[in-house]
Amino acid sequence: MNPLPISFQDIVDAHVRIGASAHRTPVFSSRTADGLSGASLFFKCENLQRMGAFKFRGAYNALSRFTPEQRAGGVVAYSSGNHAQAVALSAKILGMRAVIVMPKDAPRAKLDATRGYGAEIVFYDRYTEDRDAIGAKIAEEGGLTLIPPYDHPDVMAGQGTAAKELFEDAGAVDVLLVPLGGGGLLSGCAVAAKALREDCLVYGVEPEAGNDGQQSLKSGKIVHIATPQTIADGAQTQHLGKHTFPVIQSLVRDILTVSDADLASAMRFFAERMKLVVEPTGCLAAAAVLSGRLDVRGKRVGVILSGGNVDLAKYAALLRDVP
Ligand SMILES: *Cc1c(COP(=O)(O)O)cnc(C)c1O
């Protein structure tokens, strides 16, 4: 078997690299949540990370590793979500040019946030144009380096620092639950968790409507699906990556799913009980335990809250509609 694309040492190195720039986010607990689950839950609050999500960790680690030539050329990324802001902010801190390829109909707040970090935005039509091709063309013609949102060893190693901090600050956990889109966060966190406690059970949690990860783990190959309809917009990925999948296959115990209703209930729980704004995708892992889908009674359980970027009008509507 080939060795995995990242090792725990890569995560240790990434942690040193991002140390001065990323927040060491807090780990919170709640007696109410413990009561509901019958477990001791430790919530790693990446909704309080810079730019509002863990993606800053991976983007900053990847950009920090650029050669002087790459730094001079700058970075290009395509995303309408948190990866765009993570790359834009990292490039600003490191004094690099950033070009972000975004759909024409991306939400105003995301455009403004990305522009606010000084990035140049190139628009494309998501129904008629191929963003990969546009990104590749910009990279080639302008001498920029393309950084993908999840399928890159430096991105994966950066994301793994979230689990490393959780273990350091809360102690080792028996179970670790991680939101899953393309698997950058899950693969990095699994490598960290298994290195720090070999028998830790690591689970990925994805939206019911987009269970490509679950299908992939079952079938042993990367399953592609159509863009899923779910309120978890950060997990509307169509497939796992060629770097993330082998890590998930060898270290992750299982992949669970939750419904949009489970996500909305979890969002409301965090707002009401813990005074935390967590975006729908950020609630994936928490919803698996708060809804009782995974029995964790008597266990110490780490739960990654991956982000807190929400459109306030949508957020209010989702909270209002929880029964
Ligand atoms: C991107 C994202 C995810 C999914 O991360 P992957 O590395 O693609 O699996 C989960 N939560 C939030 C808030 C995100 O922005």
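Described below are features of the structure shown in this document. (Residues numbered from 1 in each chain as written. Predicted model: local features only at pLDDT ≥ 70, side-chain atom pairs only at ≥ 80, totals over all residues. Heavy atoms only, no water.)

### Concerning the site of the ligand
Around the ligand lies a shell of 15 residues, among which Lys55, Asn82, Gly181, Gly183 and Ser306 are the nearest. At 2.9 Å, a backbone N or O of Gly184 approaches an oxygen atom of the ligand. Within the complex, the protein chains bury 97% of what would otherwise be the 380 Å² of accessible surface of the ligand. Taken together, the residues of the shell around the ligand sort by class into four nonpolar, nine polar and two charged. (Near = heavy atom within 4 Å. Polar contact = N/O pair within 3.5 Å; in protein donor to acceptor, adjacent residues only side chain to side chain. Areas by Shrake-Rupley, 256 points an atom, 1.4 Å probe, with all protein chains shown as cover. Nonpolar A, V, L, I, M, F, W, Y, C, P; charged D, E, K, R; others polar.)

### Notes on the packing of helix H3 (residues 55-64) against helix H8 (residues 153-170)
In a pair of packed helices, the angle between the axes and the distance between the axes together describe the arrangement. Direction vectors running N to C along H3 and H8 enclose 135°, while the axes themselves pass 7 Å from each other. The orientation of H3 relative to H8 falls into the category oblique. Remark: the crossing between H3 and H8 carries right-handed chirality. Two secondary-structure elements touch here, H3 through Lys55, Arg57, Gly58, Asn61 and Ala62 and H8 through Asp154, Val155, Ala157, Gly158, Gln159, Thr161, Ala162 and Glu165. Class assignment for the residues of the contact of H3 with H8 results in four nonpolar, five polar and four charged. (Axes fitted to C-alpha atoms, helices over the stretch in contact; angles between N-to-C directions. Helix = DSSP H or I, 4+ residues; strand = E, 2+ residues; numbered from the N terminus. Parallel < 35°, antiparallel > 145°, perpendicular 65-115°, else oblique. Left-handed = near helix turned anticlockwise from the far one by under 90°. Contact = heavy atoms within 4.5 Å.)

### Points about the sheet that holds strand E3 (residues 75-78)
Here four strands make up an open sheet; going across it, the order is E5-E4-E3-E6 and the pairing parallel. Bordering the open sheet on either side are strand E5 (120-124) and strand E6 (145-146), each of which pairs with just one other strand. Pairing analysis gives four bridges linking E3 to strand E4 (residues 98-103), with the strands arranged parallel. Each bridged residue has a counterpart across the sheet, and for Val75 the counterpart in E4 is Ala98. Together, E4 and E5 form the strand contacts of helix H6 (residues 108-116), whose direction differs from that of E5 by roughly 145°. Lying over the sheet, helix H7 (residues 131-142) contacts E3, E4, E5 and E6, oriented at roughly 175° with respect to E3. (Pairing = 2+ DSSP bridges.)

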